[in-house]
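Examining the three-dimensional arrangement
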Amino acid sequence: MIRVGVNGFGTIGRRVADAVAKQPDMKLVGIVKTKPDYKAKIAAQKGYTLFGVDDKSIQSFKDAGYKPGGNVENLLSQVDVIVDATPEDVGAAYKEMYRKTGKKAIFQGGEEHDIAEVSFVAQCNYDLAKGKQFIRAVSCNTTALSRTLHTLDQAFGVKRARIVIARRASDPDEPTKGPIDSVNLDPVTIPSHHGPDVQTVLPHIPIVTMAYKIPTTHMHLHSVIVSLKENGVTEDRIINAFKEAPRILLVSQKDGIRATAHVMDYARELGRNRGDLYEPAIWKESIKVVDGEAYFFMAVHQESIVVPENVDAIRAVTGSASKSESMAMTNKTLGILN
Ligand code: NAD
């Protein structure tokens, strides 16, 4: 059993913790929480051992009637791998602690690429991560773009990619963040950071991205244009390439799916934990080839798409399973169909 701890129990951390707890080859040793809120309460009900950040935080758990397992260092001493799901830049502050203990760590996409030895997307570069100490599971948008561009690159060759990303304003548990009545260019300048971030996984793909924030909480929407190297590629061949690729979902307006809200409603019907959708959803009817350029719309569930990557990264760093074994195990436990 791979012993795993999760530091940071917000949007990503609580999902990764639940996913780890489902793996037959992993044991969730505990999770680090800053304070005893409703997320801590439910984690305790699930039987997860809670660890505090510092003495004050540990005391707040004791005052609320919990029996905390100690602090981050105490958790670290009991694990083989720590998944750092703390907010952007906080992971960097923890890195020295992880390094000193020699423990392997999986960071998230809010951290810089150079925090880790590999920026990771399982189907693109699992083997590069084998045996490394520090891995970065890239952001939600980078994960979706890496999976889809890698698929097109393997099948037809990608000459270049151009993407406009409409980003959700905040996650559902962040009611004080906006915009509420505006579309915010984020950033105003072009390119946005997403293109260079995709190149941390797929360095050979020329890519330019631009992004803005819209007043929703549930998904990002990508408008993608990809120039293909192979001539004469048809829409059907692209659909087949996406069908055969792992962790990509094709959706159709024929099924009444015309909006991100429909995609999330569809995901809830799938019955996975929290109604999460681990795959980017590509509208079949949006796939169009014009003058050697492939067009499509893709929706990304920002809260959950990186969860399977975190699970696979744990196996990659410990060298406990091959890419295909790990991805199959992760898919089976999370209910991912391909
Ligand atoms: P979050 O704010 O929802 O959760 C972070 C958690 O860490 C919170 O519970 C917070 O209380 C806790 N925390 C704060 N300081 C801490 C400390 N010093 N020690 C331990 N815990 C601490 O953040 P998130 O959205 O889960 O993001 C975590 C990482 O995942 C970031 O790098 C982010 O960029 C990345 N990410 C986020 C999303 C998303 O859409 N939310 C998607 C992909 C990747």
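Scroll up for the structure.
Residues numbered from 1 in each chain as written. Predicted model: local features only at pLDDT ≥ 70, side-chain atom pairs only at ≥ 80, totals over all residues. Heavy atoms only, no water.

1. Some thoughts on the pattern of salt bridges
Between side chains of opposite charge, a pair can form as their charged atoms come close. Tallying each qualifying case throughout the model produces 24 salt bridges. Salt-bridge contacts for Arg315 lead to Asp25; the nearest nitrogen and oxygen are separated by 2.6 Å. Note that Arg315 is positioned in helix H11 (residues 307-318) and Asp25 in the loop between helix H1 (11-22) and strand S2 (26-32), a separation of 290 residues in sequence. Overall, Arg315 belongs to the buried group, its relative accessible area being 0%. Judged by its relative accessible area of 17%, Asp25 falls in the buried class. Across the salt bridge formed by Glu309 and Arg247, the nearest N and O atoms sit 3.8 Å from each other. Separated by 62 residues along the polypeptide, Glu309 in helix H11 and Arg247 in the loop between helix H9 (235-244) and strand S12 (249-251) bring together distant segments of the chain. (Salt bridge = Lys/Arg side-chain N within 4 Å of Asp/Glu carboxyl O. Helix = DSSP H or I, 4+ residues; strand = E, 2+ residues; numbered from the N terminus. Buried < 20%, exposed > 50% of the residue type's maximum accessible area, 1.4 Å probe, protein only.)

2. What to know about the site of the ligand
Near the ligand there are 20 residues, and of these Thr11, Ile12, Tyr94, Arg168 and Asp171 occur at the shortest range. Between the ligand and the protein, one listed contact pairs an oxygen atom with a backbone N or O atom of Gln302 at 3.4 Å. When the free accessible area of the ligand is taken as 830 Å², the share hidden by the protein chains comes to 81%. Only H1 and helix H5 (90-101) provide two or more residues apiece to the shell around the ligand. Broken down by class, the residue content of the shell around the ligand amounts to eight nonpolar, nine polar and three charged. (Near = heavy atom within 4 Å. Polar contact = N/O pair within 3.5 Å; in protein donor to acceptor, adjacent residues only side chain to side chain. Areas by Shrake-Rupley, 256 points an atom, 1.4 Å probe, with all protein chains shown as cover. Nonpolar A, V, L, I, M, F, W, Y, C, P; charged D, E, K, R; others polar.)

3. Some words on a negative patch on the surface
On the surface, Glu88, Asp89, Glu112 and Asp114 cluster together into a patch of negative charge. As for its placement among the helices and strands, Glu88 is situated in the loop between strand S4 (81-84) and H5. On the basis of relative accessible area, Glu88 is assigned to the exposed category, the value being 58%. (Patch = residues over 30% accessible without salt bridge, like charges linked within 9 Å, V, L, I, M, F, W, Y side chains within 5 Å. Lys, Arg positive; Asp, Glu negative; His and termini not counted. Charge placed at Lys NZ, Arg CZ, Asp CG, Glu CD.)

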